[in-house]
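One letter stands for each residue in the lines below.
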Amino acid sequence: MPLPAVIPCKVSSESAGYVSMTAVARVDVPVDNLAAKILGACGKDPARVAAVLARGTLVSGDSRFRWQPIEASPGDLAALLRRFPDHDPKSSFRADGCLRVTFRGRRGEFEINREVGLQRRVLRRRNFWDGALPVLEALEPRCERYSYSEEADVFVARLDRDACDRLRPLASLLPYTSLQRQVEALAPSPVQALVRRP
């Protein structure tokens, strides 16, 4: 039997406390959408994807999805997985496709997304994003993997002292004081960038 185009699922919240009851929603999920969530959890591994479909349950983010177990034939599974991109280690970092940058500062990880990075403070002509991305590009980040849950490539690099020295003065361009302080305290450390494909 071929894979259905739509899979009826019961969706409940995993964030509910053990005392409180959480509502269960019945939702018809397109098979591609469910497959994307499964790939986000286990990668593009046909055996693992088949096992999740056959198990009939998946936790994705704060939600648990349950459905009638599905036995997918190898041919149907291969056809489904072909609709999703593969990791390309030769991909080049593209600043114009960057969605989010995750830094590791002294107080742990912190993120700056495109929307925040592009905001201009009052009386400022520049924004953080336009100054920071060329610094990251110069580090020649390598493509580590493709994130199916984010639908984007994950690039990694290591900030050296020169990169930190160039990023710190850009902190004042950020709209939030907490982010400014974290960028000002940057030291050599790994950095990760999420980049949408063209």
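Scroll up to find the structure.
Residues numbered from 1 in each chain as written. Predicted model: local features only at pLDDT ≥ 70, side-chain atom pairs only at ≥ 80, totals over all residues. Heavy atoms only, no water.

Break down the sheet that holds strand β6 (residues 108–113) for me, citing the residues and quoting the values.
Taking strand neighbours across the sheet as the criterion, the five strands line up as β6-β5-β9-β8-β7 in an open arrangement whose pairing is antiparallel. The sheet is open, and its two edges are formed by β6 and β7 (142–147), each paired on a single side. Averaged over all neighbouring strand pairs, the angle between strand axes comes to 25 degrees, with direction disregarded. One ladder, built from seven bridges, connects strand β8 (residues 152–159) with strand β9 (residues 189–195); its direction is antiparallel. Across the sheet, residue valine 154 finds its bridge partner in β9, namely leucine 194. Packing of helix α5 (residues 128–138) onto the sheet brings it into contact with β5 (98–105), β6, β8 and β9, and relative to β5 it is tilted by some 75 degrees. (Pairing = 2+ DSSP bridges. Helix = DSSP H or I, 4+ residues; strand = E, 2+ residues; numbered from the N terminus. Axes fitted to C-alpha atoms, helices over the stretch in contact; angles between N-to-C directions. Contact = heavy atoms within 4.5 Å.)

Tell me what's going on with the state of the cysteines, and back it up with residues and numbers.
What we call a disulfide is simply a covalent bond connecting the sulfur atoms of a pair of cysteines. Taken as a whole, this structure holds zero disulfides when the rule is applied. Counting only cysteine sulfurs, cysteine 9 is the nearest neighbor of cysteine 42, a cysteine outside any disulfide, at a range of 15 Å. By relative accessible area, cysteine 42 is classed as buried at 10%. Free cysteine cysteine 164: the closest other cysteine sulfur is in cysteine 98, separated by 17 Å. Exposure remark for cysteine 164: the relative accessible area of 0% places this residue in the buried category. (Disulfide = S-S within 2.5 Å. Buried < 20%, exposed > 50% of the residue type's maximum accessible area, 1.4 Å probe, protein only.)

Can you explain the pattern of salt bridges? Please cite residues and give values.
Evaluation of the coordinates by the stated rule reveals nine salt bridges. One salt bridge in this structure joins aspartate 96 and arginine 94, with 3.5 Å as the shortest N-O distance. Note on arginine 94: relative accessible area 24%, which makes it partly exposed. Of the charged contacts in the structure, one is a salt bridge between arginine 145 and glutamate 144, with a shortest N-O distance of 4.0 Å. Judged by its relative accessible area of 33%, glutamate 144 is partly exposed. Sharing partners across several salt bridges, the network here consists of Arg100, Glu111 and Glu150. (Salt bridge = Lys/Arg side-chain N within 4 Å of Asp/Glu carboxyl O.)

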